[in-house]
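Reading the structure
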Amino acid sequence: MSMQKLTDRKALTRNRSRADNDALFLHEHTADELQERLNEVNRTFTSVAIVTGFPDFWAQCYPDAHIIPDDDTLNLASGAYDLILHTMCLHWANDPVGQLVQARHGLKPDGLLLCTFLGGQTLHELRSSLAEAEAAVTGGLSPRIAPMGEIRDLGGLLQRAGFALPVADSNPITASYANAFHLMHDLRKMGENNALTDRIKHPTRRNVLTEAACIYAENFRNDDNRVDATFEVITLTGWAPSKDQPQPLRPGSATTRLADALGTKETPVDRSND
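Predicted model only: the values in this text are computed from it and were never measured.

Let's shift gears to the environment of Phe220. Inspection of the secondary structure puts Phe220 in helix α8 (residues 206-220). Spatially, the C-alpha atoms of Phe220 and Ala180 are 9.9 Å apart, while their sequence positions differ by 40 residues. Leaving out residues up to four positions away in the same chain, Phe220 has contacts with His124, Glu125, Ser128, Ser129, Arg226, Val227 and Asp228.

As structure tokens, then:
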């Protein structure tokens, strides 16, 4: 028996097809951030693949890259790339670890993966406002915003996928809007509106949205009499294993005592009575 998938890929594709290029500020920010990170890596990459749900945007950024749709099964040739950019789509993946495993298999030894996506603090203001409004008006809750990973858990995904030297970091971005309705309209223009399999399939009642907008304004109004919205961009960095990479020492193989290196006196701790 197959498990139900979190994301309705047909709905996601439809949402993305309706996106407006003028609203892709998160992709623009991510492209700049990735370029800065690549500038810090002392290496020339000659075979690049980009996994994305927005091929036109990323093809403009990297004209020589292979553009790969973010399908459940990635069309990545095994061991073909020295750099894979997985851009702003892992938060919609039905199997995030599987996506990372496939990326690792697509890399040459010592190849680099940079994976960016939206993290758990994204739209926390809208999430809580909608939940409170829907509970008050209808007495229930429905899935509206995709569950997204927390930074404290995400580094482990790279290790589970077999990457070496894994790093996860977070960059929160605050955007301001006239009101919650403007935010929800912008999400549609970004192609990031609800594509959950269990979403309600009929339009949300107007009084739920009105109540949510009031709650949002009451709790998240800024000094300019607008409302703030958080977008947390997570970046995962990992390298395909290679014998040439630095390797951790085996436990017990150190030749220098930590106390000697720090110039301190080692004090034993007696836990015999614990």
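Back to the text.
Looking now at the packing of aromatic side chains. By the definition in use, this model includes four aromatic pairs. Plain terms: the ring middles of Phe25 and Phe231 are 5.8 Å apart, the flat faces sit at 85° to each other, and that makes the pair edge-to-face. Within this pair, whereas Phe25 is found in helix α2 (residues 25-40), its partner Phe231 is found in strand β6 (residues 227-239), the two being separated by 206 residues in sequence. When its relative accessible area of 1% is taken as the criterion, Phe231 is described as buried. With a centroid separation of 5.3 Å and 75° between ring planes, the pair formed by Phe57 and Trp58 is classed as edge-to-face. Residue classification places Phe57 among the buried positions, given a relative accessible area of 14%. Among the residues examined, Trp58 registers a relative accessible area of 0% and is labelled buried. Members of the aromatic cluster, connected to one another through ring pairs, are Phe57, Trp58 and Tyr62.

Let us look at helix α7 (residues 180-190). Burial in α7 covers these residues: Ala180, Leu183, Met184, Asp186, Leu187 and Met190. For α7, the arc enclosing every buried residue in end-on projection is 160°, short of the 170-degree limit, so these residues lie on one face. Buried residues belonging to α7 abut α2, α5 (124-138), β5 (164-177), α8 and β6. Sitting at the head of α7, Asn179 places a side-chain oxygen 3.0 Å from the backbone nitrogen of Phe181.

Here the focus is the sheet that holds strand β2 (residues 66-69). Strand order across the open sheet formed by six strands is β2-β1-β3-β4-β6-β5, with mixed pairing between neighbours. Because the sheet does not close on itself, it has two edges, and the strands there are β2 and β5. Strand after strand, the sheet turns through a mean of 15° between neighbouring axes, direction not considered. Sheet topology note: the strand β1 (residues 48-52)/strand β3 (residues 81-87) ladder contains five bridges and is parallel. Each residue of the ladder has a partner; that of Val48, found in β3, is Leu83.

Time to look at the nonpolar core. For soluble globular proteins, the rule of thumb is that nonpolar side chains tend to be buried together. Formed by 26 residues in total, the largest nonpolar core has its most connected members in Leu26, Leu126, Tyr177, Leu183, Leu187, Tyr216 and Phe231. Going through the elements one at a time, α5, β5, α7, α8 and β6 are the ones with two or more residues in this core. Residues Val51, Leu76, Cys115 and Phe117 belong to the second largest nonpolar core, which totals 25 residues.

What follows concerns the pattern of salt bridges. Counted by the stated rule, this structure contains seven salt bridges. Note that Asp70 and Arg16 form a salt bridge whose closest N and O atoms lie 2.9 Å from each other. Taken together, the residues Asp70 in the loop between β2 and β3 and Arg16 in helix α1 (residues 9-17) connect sequence positions 54 residues apart. Neither residue differs from the other here; Asp70 and Arg16 are each classed as buried. The residue Arg43 makes a salt bridge to Asp110 at a minimum N-O spacing of 2.8 Å. With Arg43 in the loop between α2 and β1 and Asp110 in strand β4 (residues 107-118), the pair connects residues that are 67 residues apart, well separated along the chain. According to the relative accessible area criterion, Arg43 is partly exposed, its value standing at 35%. Each member of the salt-bridge network shares a partner with another, and the members are Arg9, Arg16, Asp70 and Asp71.

Attention now moves to the packing of α7 against α8. Close contact between α7 and α8 brings their axes to 9 Å; oriented N to C, the two are set at 115°. Between α7 and α8, the angle is such that the two are roughly perpendicular. Two secondary-structure elements touch here, α7 through Ala180, Phe181, Leu183 and Met184 and α8 through Arg206, Leu209, Thr210, Ala213 and Tyr216.

Rules of the game
- For every chain, the first residue of the written sequence is number 1, and numbering continues from 1 along that sequence.
- With pLDDT at 70 or above as the cut-off, local features in this predicted model cover only qualifying residues; side-chain atom pairs require 80 or more to be listed or tallied, and sums for whole chains, interfaces and linings still use all residues.
- Side-chain numbers come from the whole structure's heavy atoms, not from hydrogens or water.
- We count a stretch as a helix when DSSP gives it H or I for four or more residues in a row; a strand needs E for two or more, and each element gets its number in order from the N terminus.
- Here, residues are in contact when the closest pair of their heavy atoms is within 4.5 Å.
- Any two rings among Phe, Tyr and Trp, with Trp reduced to its six-membered ring, count as a pair given centres within 6.5 Å; such a pair is stacked if its planes are under 30 degrees apart, edge-to-face if over 60, and tilted if neither.
- Think of it in three bands: residues with accessible area under 20% of the maximum for their type are buried, residues over 50% are exposed, and the middle band is partly exposed, with areas taken using a 1.4 Å probe on protein chains only.
- Arc definition: directions from the helix axis to the C-beta atoms.
- In the analysis that follows, any N or O atom pair within 3.5 Å is treated as a polar contact, provided that within protein one partner can donate a hydrogen and the other can accept it, and provided that, for residues neighboring in sequence, both atoms belong to side chains.
- Whether two strands pair depends on DSSP finding at least two bridges between them.
- To get an axis, fit a line to the C-alpha atoms, keeping to the stretch in contact for a helix; angles then go from 0 to 180 degrees between the N-to-C directions.
- We define a nonpolar core as any set of buried Ala, Val, Leu, Ile, Met, Phe, Trp, Tyr and Cys residues linked to one another through side-chain atoms lying within 4.5 Å.
- By definition, a salt bridge exists where a carboxyl oxygen of Asp or Glu is found within 4 Å of a side-chain nitrogen of Lys or Arg.
- Oblique is the label for any angle not covered by the other classes, which are roughly parallel (under 35 degrees), roughly antiparallel (over 145) and roughly perpendicular (65 to 115).

Purely spatial values, then, with no claim about function.
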